[in-house]
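Listed here are the chains, written in short residue letters.
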Amino acid sequence: MTGKQKKVSFQQRTDSRSNHHCCVPFCTASTRCNSYLSFHTFPKDSELQKQWVVKIRRDHFIVTSTSRVCSRHFIAADLLEPPTPAGRRRLRPGAFPVLFQWNNYTIPTPRPGVWERTERPPNTDPTEMQTDPDDDDPCHEHDYCVSTEPAALDLSLNDNEELREEISRLRKQIEDLTVSSKFCLERFSASDDDIRFFTRFASHAHLMGFWKQIEPATHNIIRVTRARTVEKTDQVPHSASATVLQPIEFFLFMNYLSLGLMQKDLAHRFRIHRSTVSRIINTWANFLYTVLGAVSIWLDVDTVKTHLPDVFQDYADTQVILDCTELRCQTPNSLLLQSEVFSTYKSHCTFKGLIGIAPHGAVTFVSSLYQGAISDKEILKQSGIVDLLAPSMAIMVDKGFFVEDCVPCKVHIPTFLSKRAQLSRSEIRTTQSIARLRVHVERVIRRVKEHKIFSTVIPLSITGSINQIFTVACLLVNYQNGPLVKAWANNG
């Protein structure tokens, strides 16, 4: 049964210098209207403060020194009138708001107890003696010495047991509905296919194994946020809530990386603001770039030879297989920038990076991204990989890498015709054998580009973080997938 809502009118005050507003939803009261209203700050006790936030139905509400709740939301017994006209109205200790628009500013009637709601059978035993109302038995006027009826006690116990079962069943339904309605990791944990689709990890167990490796470092994560929020970090402690949200934020970042979703789409899926999505992506790109980049992926010669596949026996000195990849980007307005990032190979503006893998398929080198007009040879010289090479090593590259004069080691490269009519038989076999082995770096690059963010044109708005995102995607390949060739699994 719903009552008729009260309509409260306000009049402008001219004697008020403060400008406080009630923070309760649907309440328009302010200190400039209605001099009989008083405005009360939130209690300093954290538990009581949380009760206030729950009562006023403001999820994720941040309490500040200017937050106020007007007196019309408290019962009269909780308001302590001032002893003098110039005094201030105060609240009784432990009081909290209970009167709101959604309950028509009334306190709901308490629910009857189990005893009042239990229907008891009438006493029809003919052998039971009728008690005279005028009897002098003291038990007639005092029911505390009368024993409980066994039938009523059995009914109460049965009702309690049924209510417990009903509560347990409803709680289970609520949990199932909550999980199924939220776009979160728990919703897809039972399906490895879904985990593979949303995160590129092979299974849920595989994903959680990676999470356990990086979880200790998440307590020191540096969040990308607005300047005004940074200035108030001493007023709003959020470390506890941030720790709870970290798995959800990691799942959001992996969705962005694996599916290439727009930030507005992610905001709708995770029910947060678009700017929050942008800050989470930048935070986790920098965090994973730091954590994964701190792990040395360059392998020494002995380690490479220990895991060398049998197909590389003819090229046992190969330390790394190198190849460049290009990512299409948005065309800048500046003609000068267009000339720098335009790639004649892709006929589009691109970012270009160098990736190196060990013979057994692990990513051991990732360069920064460069403008698309740069040559493969120049990338190799600027990337810093030359300093890692030794004369006893060898690199395997494609025909476009004219780097023999740039590296201090041997270079395995397909043979060129050099104005000849055709290659010799030995040169053809060498070229074919190198091509069969060099193709593995292209398979790794394909795994990197399975992150759909690289399948679309990269907007210039994320140029500041594209280096971190590209490096993280390349390094995650070592964690997300198994060996390139199943036969190589025994060599790992």
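Everything that follows concerns the structure shown earlier in this document.
Residues numbered from 1 in each chain as written. Predicted model: local features only at pLDDT ≥ 70, side-chain atom pairs only at ≥ 80, totals over all residues. Heavy atoms only, no water.

**Q** Give me the lowdown on the pattern of salt bridges, citing residues and values where you can.
**A** For the coordinates displayed, the defined rule picks out 14 salt bridges. In this structure, Asp78 and Arg92 form a salt bridge, with 2.5 Å as the shortest nitrogen-oxygen distance. Of this pair, Asp78 sits in the loop between β2 (68-70) and β3 (79-80) while Arg92 sits in the loop between β4 (90-91) and α2 (114-117), and the two are 14 residues apart along the sequence. For Arg92, a relative accessible area of 38% corresponds to the partly exposed category. Linking Arg438 and Asp398 is a salt bridge whose minimum nitrogen-to-oxygen distance equals 3.8 Å. Note that Arg438 is positioned in helix α13 (residues 425-449) and Asp398 in the loop between β10 (394-396) and β11 (410-412), a separation of 40 residues in sequence. Taken together, the shared-partner salt bridges connect Asp323, Asp398, Arg438 and Glu442 into one network. (Salt bridge = Lys/Arg side-chain N within 4 Å of Asp/Glu carboxyl O. Helix = DSSP H or I, 4+ residues; strand = E, 2+ residues; numbered from the N terminus. Buried < 20%, exposed > 50% of the residue type's maximum accessible area, 1.4 Å probe, protein only.)

**Q** Break down the packing of aromatic side chains for me, with residues and values.
**A** Throughout the structure, instances matching the rule amount to 22 aromatic pairs. For the pair Phe251 and Phe270, a centre-to-centre distance of 6.1 Å together with 70° between the ring planes defines the contact as edge-to-face. One end of the pair, Phe251, is in helix α7 (residues 239-259); the other, Phe270, is in helix α8 (residues 263-270), with 19 residues separating them in the sequence. Since its relative accessible area comes to 11%, Phe270 is described here as buried. (Phe/Tyr/Trp six-rings, centres within 6.5 Å; stacked < 30°, edge-to-face > 60°.)

**Q** Kindly report on the nonpolar core, identifying the contributing residues and their values.
**A** Within the largest apolar cluster, 66 residues are counted, with the highest numbers of intra-cluster contacts made by Phe250, Phe253, Trp284, Leu288 and Phe454. At nine residues, helix α14 (residues 463-480) tops the list of elements feeding residues into this core. Leave out the neighbours within four places in its chain, and Phe253 touches Ile281, Trp284, Ala285, Leu288 and Val472. Core analysis: the second largest hydrophobic core is formed by 23 residues, Ile385, Met393, Val403 and Cys406 among them. (Core = buried A, V, L, I, M, F, W, Y, C linked by side-chain atoms within 4.5 Å. Contact = heavy atoms within 4.5 Å.)

**Q** Just give me the short version of the side chain of Gln263, but keep the residues and values in it.
**A** One can find Gln263 in helix α8. Classification of Gln263 by relative accessible area gives buried; the value is 19%. Once residues within four sequence positions are removed from consideration, Gln263 is found in contact with Arg274, Val277, Ser278 and Ile281.

None of this, on its own, says anything about what the molecule does.
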